[in-house]
Amino acid sequence: MSIRIDKPRCIGCGACTNACPGGLLIMQEKKAHMRSLRDCWGCTACMKVCPAEAITYFLGADVGGRGSQMTLAREGVIYRWKIQSPGGARSEILIDRRNSNKY
Amino acid sequence: MIQAEKIETDILIVGGGTAGCYAAAKLAALSLRVLVAEKANIERSGCLAAGVNALNAYIAPGHRPEDYVEYARKDGEGIVRDDLLLTIAQNVNRITEELEALGLVILKDEEGRYVTRGWRNVKINGENIKPLLAKAARQNKNATVLNYVNIIDLKTVEEGTEKRVAGAWGFSTREKIFYDINAKAVILATGGAAGLYRPNNPGFSRHKMWYSPFNTGAGFAMGLRAGAELTTLENRFVALRCKDTIAPTGTIAQGVGAKQVNARGEVYETKYGLSTPERIYGTVEENRAGRGPCYLHTKGIGEEKEADLIRAYLNMAPAQTLKWVEQGGPDSRDVEIEGTEPYIVGGHTASGFWVSTKRETTLPGLFAAGDVAGGAPQKYVTGALVEGEIAAGAAAEYAKDVLLPESDEEETRRHIAQVEAHYASEGPLRAEELEEAMQKIMDEYAGGLHTDYRYNEARLAVARERIEVLQEAARSLPAEDPFELLHVYELKERLTVCRALIEHLAARQETRWHIFGENADYPERSTDFDCYINSRLENGEIKTLRRPLVKGGTYEHTH
Ligand SMILES: Cc1cc2nc3c(=O)[nH]c(=O)nc-3n(C[C@H](O)[C@H](O)[C@H](O)COP(=O)(O)OP(=O)(O)OC[C@H]3O[C@@H](n4cnc5c(N)ncnc54)[C@H](O)[C@@H]3O)c2cc1C
Ligand code: SF4
Ligand code: SF4
C-alpha cells in the first residue's frame, strides 16, 4: 500500500510534508511530491492534514489490492472517508473525532 | 562541501516521538535550554503517526501498581526489572489524566470514570495523540525543535577515569548541513528497531509492517558505540496480525469474540494458550502441521458488527478497511492471520538500554526512555510518557553539576569526512541492496519467518559472519543527496543492532519465550538463565555478560 498525490488538486500548502513520519513527502515545483512509493508506512498522517483532499491511498497488489482508492475529506470534527472501487462504485464512511473507539 | 553548524544546549533529546516530546514538555518547569533533534517532524513522527487505539497501560479501580508489575513479570517469564515496572505502574493513571487535559478524547461512564477494557486498558480516540504531544513539547518556551535532523553518533568526553556523554552529531535530511551539538546531558528517545528481518511483505509494500519502519535502532547503535550497555535484546517482539495488511487482530478477537481457527475450522487457540506469543506459536504450529492457513473466525458475525469493524479499522489500520470493502467484509469471510517478522521494541518486551531506576544508562550523562529503554515490557504509550518524565527529571538534575564540553574539532572533522566519503563514493552497491541482503540473512539464519522464528548456534554463526561482511561493504556506500545519506546511516545502524542481537540470541542457551526467542539447540527453559543477558561493544566486538535479576527496591549503577 502507498499513497499518490493528486497534483491538480494539490494547493501546495506543504502540510503533508511536515506530517510524514518518514519524511517521504517534499515540495517540488509548488506541489507535494512523494519521494518513494515503496517506503510508505500507510499511516495516513499526510491525508489527515491535507486541506484539499489531494492524497489518495491504495493497496499494493502484493497485499491484495485490486485498484480501489481511498481519499479523506476533513469537515470540522468529521472525517469523511471516500472509497472508490475500480468498477467505479463509491462508498463513504464518516468518523466523528469526538467519539472514542468502540472496541 | 557540507556546511557545519554548532549548537549548544543544556539538554539534548534525540528523537521527538512519544517519550521525547513528553520529556521536552516536562522540562518546561525548569529554566534549562532544551533541544529536540528529530529526523522527521515531531508533529506526527514515530510510532504514533497513525494514532493509537487504546491506552494499553492503565490500572483500573480495584487493582494496584503491584498487580501490574506481577502481570508483566509473569508475561516476561521473570526477565523484567521490578523497579522500572513499578515506577511506570505508579504513574500511568496520572499520565492518563494529563493526556486528557492535553485534549485526548477518553471514553467515560455516567459517573465520569474512564471506561476500561479488562483492568489495564482505557478506551480512547487516539487518532490525534501525537499532534497533542508535539504541541505540549512546543509550549516549552525554552525548547527548540530541530526537525529533519538525523542524529548519527554520541559525543563523549573523558574526565579523569570517567567517560560521559556530552552531545551528539547529526545531519539534515533535507539539506547538506552537518550538526555539531554540545549538551550537558542527552536523553535518547529514538524508539525501537524495525526492518532488521525480512518483512511479511518484502515487495512493493515492504514498509507495510507493524512497527514504524522509520525507527531503525539508531539509539541502540550509537549507545553501543559510545560504550553503553544493552539488555535482553533476545526477547524480540512479534505481533499477531491480519495477513497482508498487518492490521491488529486484538480488536477483532476481543471486539466480536472471534476465535482462532485452522483451515479445517477447528478452534486451536485453547490448545496453545492466549498470550500473544502463545497465539502466534499456535498459528505457527498449525501451519507446520499442514493445517493452515489460520484465521480469526468472523464469518457470520452479522452486518451490524461487520460495519462496526470496518469503521473501527479506519482509524488505526485503513488498509484493512479498504481490503474489506474491496474483497468482502468479515461477515462474509474469515480473516487470515499471521505472525510478523521480529522487532526489537522495549515498550512491548524487555529489550533496550540497561538503565538505573532513574533511566540513566551505564554512561553518565546519557538517559533513555520509551521503546529504546529495556527492562520494562508492556509500557506502551503511557509507560513511554512516564519514562520520558523520569528521564527528564534525572537529566536535569545531572546537568546542574556539569559544564558544557570543549568542542572536539578532530572528532567532528572525522564524522564530516565520513559523510563526505559517502557523497563521493560511486558504489557499486546501494543501501537498498544491502538492506535486502541483511534482512535475508537475519530471516534465514537468525530466526525470522523463514525458519518459523527458530535459530540455533550453527545458523547464528552464519549470520554473524555475513552481517560482518555487510558492515564492511556499508562503509563505502554511495549517497547522492541527504535522503539517500539517511538510508545509508539507517542501514549501518541496523547492521550494528543485528550484530548485538545475534550475540544475545546465542548467549541465552534456553527457550524461555516461544516465538520471541526460540533457540532450537535448547528447546527447554533453564533456571541457569534466570538472569539478564547484557551486552557492550568492546574493541569492535560485542561482548555479552550476565547480570542477576533485580527484584524490588531501586537500582543504581556501580560505575
Ligand atoms: C502501530 C503501533 C500501534 C500501537 N498502538 C498502541 C496502542 O493502541 N496503545 C498503546 O498504549 N500503545 C500502542 N503502541 C505502542 C506505543 O505507541 C509505543 O510503545 C510508544 O509510542 C513508543 O514511544 P517512543 O517514544 O519510544 O518511540 P516513538 O514515539 O516512535 O519515537 C521515536 C522517535 O525518534 C525519532 N528518531 C529515531 N531515530 C532518530 C535519529 N537517529 N535521530 C533523530 N530522531 C530519531 C523517530 O522519528 C521518532 O519520532 C503502538 C505501537 C505501534 C508501532
Ligand atoms: S501514509 Fe504515512 S508514511 Fe505514507 S506518505 Fe503519508 S504520512 Fe508518509
Ligand atoms: S497537504 Fe495536500 S494540498 Fe497541501 S501540499 Fe500536501 S497534498 Fe498538497
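Residues numbered from 1 in each chain as written. Chains lettered and ligands numbered in written order. Predicted model: local features only at pLDDT ≥ 70, side-chain atom pairs only at ≥ 80, totals over all residues. Heavy atoms only, no water.

## Here we look at the overall build of chain B
Thinking step 1. Secondary structure assignment for chain B yields 16 helices and 21 strands.
Thinking step 2. Its C-alpha atoms give chain B a radius of gyration of 23 Å, near enough to 24 Å, the size a compact globule of 559 residues would have.
Thinking step 3. In terms of its C-alpha atoms, chain B occupies a principal-axis envelope of roughly 70 × 55 × 50 Å.
Thinking step 4. Counting only residues that meet the buried cut, chain B has 64% of its 559 residues in that class.
Thinking step 5. In chain B, once contacts between residues fewer than 6 apart in sequence are set aside, the share between residues at least 24 apart is 73%.
Thinking step 6. As presented, chain B carries roughly 20,300 Å² of accessible surface, and 46% of it is formed by carbon and sulfur atoms.
Thinking step 7. For chain B, the separation between the mean place of its 67 positive charges and that of its 82 negative charges on side chains is 2 Å. (Helix = DSSP H or I, 4+ residues; strand = E, 2+ residues; numbered from the N terminus. Rg over C-alpha atoms; globule rule 2.2 N^0.38 Å. Buried < 20%, exposed > 50% of the residue type's maximum accessible area, 1.4 Å probe, protein only. Contact = heavy atoms within 4.5 Å. Areas by Shrake-Rupley, 256 points an atom, 1.4 Å probe, with all protein chains shown as cover. Lys, Arg positive; Asp, Glu negative; His and termini not counted. Charge placed at Lys NZ, Arg CZ, Asp CG, Glu CD.)

## Quick word on the pattern of salt bridges
Should the charged atoms of two oppositely charged side chains come close, the side chains can pair.
Residues and elements named next belong to chain B.
Thinking step 1. Counted according to the given criterion, the structure contains 56 salt bridges over all chains.
Thinking step 2. In this structure, the salt-bridge partner of Glu387 is Arg359, at a minimum N-O distance of 3.0 Å. With a gap of 28 residues between them, Glu387 in helix α12 (residues 380-400) and Arg359 in the loop between β16 (352-353) and β17 (366-368) connect regions that are remote in the sequence.
Thinking step 3. The salt bridge involving Glu510 is made with Arg512; its shortest N-O contact spans 2.7 Å. Both residues of the pair, Glu510 and Arg512, belong to the buried class. (Salt bridge = Lys/Arg side-chain N within 4 Å of Asp/Glu carboxyl O.)

## Re the packing of aromatic side chains
Residues and elements named next belong to chain B.
Thinking step 1. Here the structure, examined in full by the defined rule, presents 19 aromatic pairs over all chains.
Thinking step 2. On the numbers, 6.3 Å between centres and 75° between planes, the contact of Tyr268 with Tyr272 is edge-to-face.
Thinking step 3. A residue is classified by how much of its surface remains accessible, and Tyr268, at 2% relative accessible area, is buried.
Thinking step 4. Connected via pairs of aromatic rings, a cluster forms that spans Trp210, Tyr211, Phe237, Tyr343 and Phe516.
Thinking step 5. We note Lys492 situated over the ring of Tyr489; from NZ or CZ to the ring centre the distance is 4.3 Å. (Phe/Tyr/Trp six-rings, centres within 6.5 Å; stacked < 30°, edge-to-face > 60°. Lys NZ or Arg CZ within 6 Å of the ring centre and 35° of its normal.)

## Things to note about the interface of chain B and chain A
Thinking step 1. Contact with chain B, which involves 58 residues of that partner, is made by 53 residues of chain A.
Thinking step 2. Summing both sides of the interface, chain B and chain A together bury roughly 4,800 Å²; the carbon and sulfur share of this comes to 56%.
Thinking step 3. Across the chain B-chain A interface, the total number found is three salt bridges.
Thinking step 4. Between Glu127(B) and Lys48(A) there is a salt bridge whose closest N-O contact spans 3.9 Å.
Thinking step 5. At the level of elements, β3 (52-55), β6 (121-126), α7 (250-255), α10 (303-316), α11 (318-327) and α16 (482-507) of chain B are the ones that each hand at least two residues to the side of chain B that touches chain A. (Buried area = accessible area lost by both parts, 1.4 Å probe.)

## Points about the site of ligand 2
Thinking step 1. Close to ligand 2 lie Ile3(A), Cys20(A), Pro21(A), Leu25(A), Met34(A), Cys40(A), Trp41(A), Gly42(A), Cys43(A), Thr44(A), Ala45(A) and Cys46(A).
Thinking step 2. Considered class by class, the residues forming the shell around ligand 2 number ten nonpolar, two polar and no charged. (Near = heavy atom within 4 Å. Nonpolar A, V, L, I, M, F, W, Y, C, P; charged D, E, K, R; others polar.)

## With respect to the environment of Arg225(B)
Residues and elements named next belong to chain B.
Thinking step 1. Counting through the fold element by element, Arg225 comes out in helix α6 (residues 218-226).
Thinking step 2. Note on Arg225: relative accessible area 36%, which makes it partly exposed.
Thinking step 3. For Arg225 and Glu436, which are 211 residues apart along the polypeptide, the C-alpha to C-alpha distance reads 24 Å.
Thinking step 4. Non-local contacts of Arg225, meaning those with residues more than four positions away in its chain, are made with Ile152, Asp153, Thr496 and Leu537.

## Let's talk about the site of ligand 1
All names here are of chain B.
Thinking step 1. Among the 34 residues in the neighbourhood of ligand 1, the closest are listed as Thr18, Glu38, Ser45, Ala54 and Asp371.
Thinking step 2. Take Asn53: an N or O atom from its main chain is 3.0 Å from an oxygen atom of ligand 1.
Thinking step 3. Here the shell around ligand 1 takes four residues from β3, the largest share from any one element.
Thinking step 4. Of the residues assigned to the shell around ligand 1, the class counts are 17 nonpolar, 14 polar and three charged. (Polar contact = N/O pair within 3.5 Å; in protein donor to acceptor, adjacent residues only side chain to side chain.)

## With respect to the sheet that holds strand β7 (residues 90-96) of chain A
Thinking step 1. Within the open sheet, the five strands sit side by side as β1-β4-β5-β6-β7 (chain A). Their pairing is antiparallel. Unpaired on one side and paired on the other, β1 (2-5) and β7 of chain A mark the two borders of the sheet. Averaged over all pairs of adjacent strands, the angle between their axes in this sheet comes to 30°, without regard to strand direction.
Thinking step 2. Summarising the sheet, strand β4 (residues 55-58) of chain A and strand β5 (residues 69-75) of chain A pair through two bridges and their orientation is antiparallel. Opposite Phe58(A), over in β5(A), you have Gln69(A) as the bridge partner.
Thinking step 3. Here α10(B) sits on the sheet and contacts β5, β6 (78-84) and β7 of chain A; the angle it forms with β7(A), its principal contact strand, is near 70°.
Thinking step 4. Those strands touched by α11(B) are β4, β5, β6 and β7 of chain A, and its axis lies near 65° from that of β4(A). (Pairing = 2+ DSSP bridges. Axes fitted to C-alpha atoms, helices over the stretch in contact; angles between N-to-C directions.)

## A closer look at the confidence of the model for chain A
Thinking step 1. Considering every residue of chain A, the mean pLDDT works out to 94; 98% of them sit at 70 or more.
Thinking step 2. Across chain A, the secondary-structure element scoring lowest on mean pLDDT is β7(A), at 92, and the one scoring highest is strand β3 (residues 31-34) of chain A, at 98. (pLDDT = per-residue confidence, 0-100.)

## Quick word on the packing of helix α4 (residues 92-102) of chain B against α12(B)
Residues and elements named next belong to chain B.
Thinking step 1. As a packed pair, α4 and α12 sit with axes 9 Å apart at the nearest point and diverge in direction by 95°. One element, α4, and the other, α12, form an angle in the roughly perpendicular class. The residues of α12 that touch α4, namely those facing Val92, Arg94, Ile95, Thr96 and Leu99, are Thr382, Gly383, Leu385, Val386 and Glu389.
Thinking step 2. Residue classes in the contact of α4 with α12 are distributed as five nonpolar, three polar and two charged. (Parallel < 35°, antiparallel > 145°, perpendicular 65-115°, else oblique.)

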